[in-house]
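# An overview of the molecular structure
Single-letter residue listing:
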Amino acid sequence: MSNEELEQLRASLDEKNKDLLKLINERAEIVQKIGNVKSKSGTKRYDPVRERRMLDLIADENEGPFETSTLQHLFKQIFKASLELMGDDEQKALLVSRKKHPDNTVVDVKGEKIGDGLQRLIAGPCSVESEEQVFAVAEALKKRGVNLLRGGAYKPRSSPYDFQGLGVEGLEILKKAGDRYDMAVISEIVTPTDVEKAVDYLDVIQIGARNMQNFELLKEVGSTKKPILLKRGLSASISEFIHAAEYVMSRGNTNLMLCERGIRTYETATRNTLDISAVPILKQETHLPVLADVTHSTGRRDLLLPAAKAALAIGADAVMAEVHPDPAVALSDSAQQMDIEQFNTFISTLRDAQLLKDGVEDKTTL
Ligand code: PEP
Ligand code: MN
């Protein structure tokens, strides 16, 4: 074979490669269209019966010189890459995804429109301990124009011998405080069967970090209309967090807020590591309000203020922090709660730094 003939063959091989490239991409476009239809109808992307049929067709049509098994192997690679292409479409179709819903979701909590662009504070004791304790905190918050009161009635504690919370009595105290001070009350529910009753007491149901993947609980709160505050799991990736949120939204509840609360790392200087970049990532990836809990992430009173500044500066819709009238005797998290004086300094500093500037208004009298 002359050099000239060899060059000609090489040129026609290049042409065939170009043809194949074009065909593979045209095929990919069809695959994407099928993917769109499937994600809209909720059909599974992988269809083994269809794949078997396509492989059989290759066997029927093959005239060589390649062995059928070789071609089927090559086509399986194309099928695999196609499935991955459809995977992107599935991601786009998540109900919590900003691709699905470009506008910010605003969650109305008793008139406080979380996610409306104004930055807010959610505060209150770690645990509800007594009416007197909750009322003291509620009054202090209200005086500073903070209308979002948190407090744990069911406490998921690492040790079964630690204070477990007051249960329904705690919910009753919170409700009373909410009514008395005209505040929205937020508390964690840990059991699916408690959700129905909690709806009567609470303005927001919190799903705690330890329950982020309690799928039955997520489905249960997703079936209500109550605003839900979902915390990131201790070792949950952002993708797992987003999918947990999808559990709630897929049941029809769109009143959903996400809360970064620190993740487990090798660092021991803080209780957890506040994953500050999760805030803008979650805001980009989802349309939901994103909060940052500076208490459980840092576990250190001296870090509450700098962490809150960072969270607000990076775009959190609200900051959560724990406040107790007398943290030294608190039944949980005594090392990291602020007392009322510290809370007043905390909120004044944030406002002086032009953070929380429009979200809340000082009300010095009730
Ligand atoms: C809480 O907010 O009371 C709490 C227990 O937080 P987390 O679930 O983030 O640990
Ligand atoms: Mn706590």
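Given the structure is predicted, the values throughout are model-derived calculations rather than measurements.

## Thoughts on the overall build of the protein
When helices and strands are counted, the protein shows twelve helices and ten strands. Based on the C-alpha atoms only, the size of the protein along its principal axes is roughly 95 × 45 × 40 Å. Intrachain contacts of the protein at a sequence separation of at least 6 include 69% that bridge at least 24 residues. Summed over its atoms, the accessible surface of the protein is roughly 18700 Å², and 52% of this surface lies on carbon and sulfur atoms. Within the protein, one finds 49 positive and 57 negative side-chain charges whose respective centroids are separated by 2 Å.

## Observations regarding the site of ligand 1
Contacts to ligand 1 come from Arg150, Lys155, Glu188, Gln206, Gly208, Ala209, Arg210, Lys231, Arg261 and His296. Between ligand 1 and Lys155, the relevant distance is 3.0 Å, taken from an oxygen atom to a side-chain nitrogen or oxygen of the residue. Measuring from an oxygen atom of ligand 1, one finds a side-chain N or O atom of Arg261 at 2.6 Å. Alone, ligand 1 offers 290 Å² of accessible surface; in the complex the protein occludes 96% of this. In the shell around ligand 1, the residues fall into one nonpolar, three polar and six charged.

## Some details on the UniProt feature "coiled-coil region" (unreviewed entry) in the protein
Look at the UniProt record and you will see "coiled-coil region" (unreviewed entry) annotated at residues 3-33. Helix makes up 100% of residues 3-33 and strand 0%. Its end C-alpha atoms lie 45 Å apart.

## A few points about the nonpolar core
Among the nonpolar cores identified, the biggest contains 67 residues, and Leu121, Leu149, Ile205, Leu230 and Leu256 are the most heavily contacted of them. Among residues more than four places away in sequence, those in contact with Leu230 are Ile207, Met212, Leu218, Phe241, Ala244, Ala245, Leu256, Met257, Leu258 and Cys259. Formed by 14 residues, the second largest nonpolar core is a distinct cluster that contains Val109, Ile114, Ile122 and Leu229.

## A closer look at the sheet that holds strand β9 (residues 290-293)
Read around the closed barrel, eight strands run β3-β4-β5-β6-β7-β8-β9-β10, paired in parallel fashion. Strand-to-strand twist in this sheet, taken as the mean axis angle between neighbours without regard to direction, amounts to 25°. Here three bridges tie strand β6 (residues 204-207) to strand β7 (residues 228-231), and the two strands are oriented parallel to one another. By the bridge assignment, Ile207 is partnered in β7 with Leu230.

## Describing the pattern of salt bridges
For the structure on display, the rule yields 20 salt bridges. Its salt-bridge partner being Glu139, residue Lys143 comes within 3.8 Å of it at the nearest N-O pair. Taken together, the positions of Lys143 and Glu139, both in helix α4 (residues 131-143) and four residues apart, correspond to about one turn of that helix. We classify Glu139 as partly exposed; its relative accessible area is 29%. We note a salt bridge from Arg157 to Asp162, for which the minimum N-O separation is 3.9 Å. Arg157 sits in the partly exposed class, given a relative accessible area of 24%. According to the relative accessible area criterion, Asp162 is partly exposed, its value standing at 35%.

## What to know about unusual backbone geometry
Following Gly64, the chain continues to Pro65 via a peptide bond in cis, the omega torsion being 10°. Backbone geometry at Asp182 places phi at a positive 50°, although glycine is not the residue there. Looking at the secondary structure, you find Asp182 in the loop between α5 (168-181) and β5 (184-188). Positive phi is not limited to glycine here, since Asp333 has a value of about 50°.

## Comments concerning the environment of Leu217
With respect to the helices and strands, the residue Leu217 is situated in helix α7 (residues 215-222). Under the relative-accessibility criterion, Leu217 is labelled buried at 0%. Through-space distance from the C-alpha of Leu217 to that of Thr191 is 6.5 Å; in sequence the pair is 26 residues apart. When neighbours within four sequence positions are excluded, Leu217 is seen to be in contact with Ile189, Val190, Thr191, Pro192, Val195, Ile207 and Asn211.

## Re the domain arrangement of the protein
Split by domain assignment, the protein resolves into domain 1 (3-93) and domain 2 (107-359). With centres defined by C-alpha atoms, the gap from domain 1 to domain 2 works out at 49 Å.

## Points about the packing of α4 against α5
Direction vectors running N to C along α4 and α5 enclose 35°, while the axes themselves pass 10 Å from each other. Our pair here, α4 against α5, has a crossing hand that is right-handed. When α4 is examined against α5, the residues Glu131, Val134, Phe135, Ala138, Glu139 and Lys142 are found in contact with a partner set consisting of Ile173, Leu174, Lys176, Ala177, Arg180 and Tyr181. The residue inventory of the contact of α4 with α5, partitioned by class, reads seven nonpolar, no polar and five charged.

## Focus on the coordination of the manganese ion (ligand 2)
Coordination of the manganese ion (ligand 2) by the protein is provided by Cys126 (SG), His296 (NE2), Glu322 (OE) and Asp333 (OD), with metal-donor distances spanning 1.9 to 2.3 Å. Within one chain, the residues donating to the manganese ion (ligand 2) are spaced in sequence as C-x169-H-x25-E-x10-D. Taken together, the positions of His296 in helix α10 (residues 294-298) and Glu322 in strand β10 (residues 318-322) put the pair 26 residues apart, joining distant regions of the chain. What makes His296 buried here is its relative accessible area of 8%. By relative accessible area, which is 1% here, Glu322 ends up buried.

Scoring rules and cut-offs
Residues numbered from 1 in each chain as written. Chains lettered and ligands numbered in written order. Predicted model: local features only at pLDDT ≥ 70, side-chain atom pairs only at ≥ 80, totals over all residues. Heavy atoms only, no water. Helix = DSSP H or I, 4+ residues; strand = E, 2+ residues; numbered from the N terminus. Contact = heavy atoms within 4.5 Å. Areas by Shrake-Rupley, 256 points an atom, 1.4 Å probe, with all protein chains shown as cover. Lys, Arg positive; Asp, Glu negative; His and termini not counted. Charge placed at Lys NZ, Arg CZ, Asp CG, Glu CD. Near = heavy atom within 4 Å. Polar contact = N/O pair within 3.5 Å; in protein donor to acceptor, adjacent residues only side chain to side chain. Nonpolar A, V, L, I, M, F, W, Y, C, P; charged D, E, K, R; others polar. UniProt positions renumbered as here; feature names shortened; annotations may be inferred. Core = buried A, V, L, I, M, F, W, Y, C linked by side-chain atoms within 4.5 Å. Buried < 20%, exposed > 50% of the residue type's maximum accessible area, 1.4 Å probe, protein only. Pairing = 2+ DSSP bridges. Axes fitted to C-alpha atoms, helices over the stretch in contact; angles between N-to-C directions. Salt bridge = Lys/Arg side-chain N within 4 Å of Asp/Glu carboxyl O. Domains from an automatic or database assignment. Left-handed = near helix turned anticlockwise from the far one by under 90°. Donors = N, O, S within 2.8 Å, 3.2 Å for Na, K, Ca; no water.

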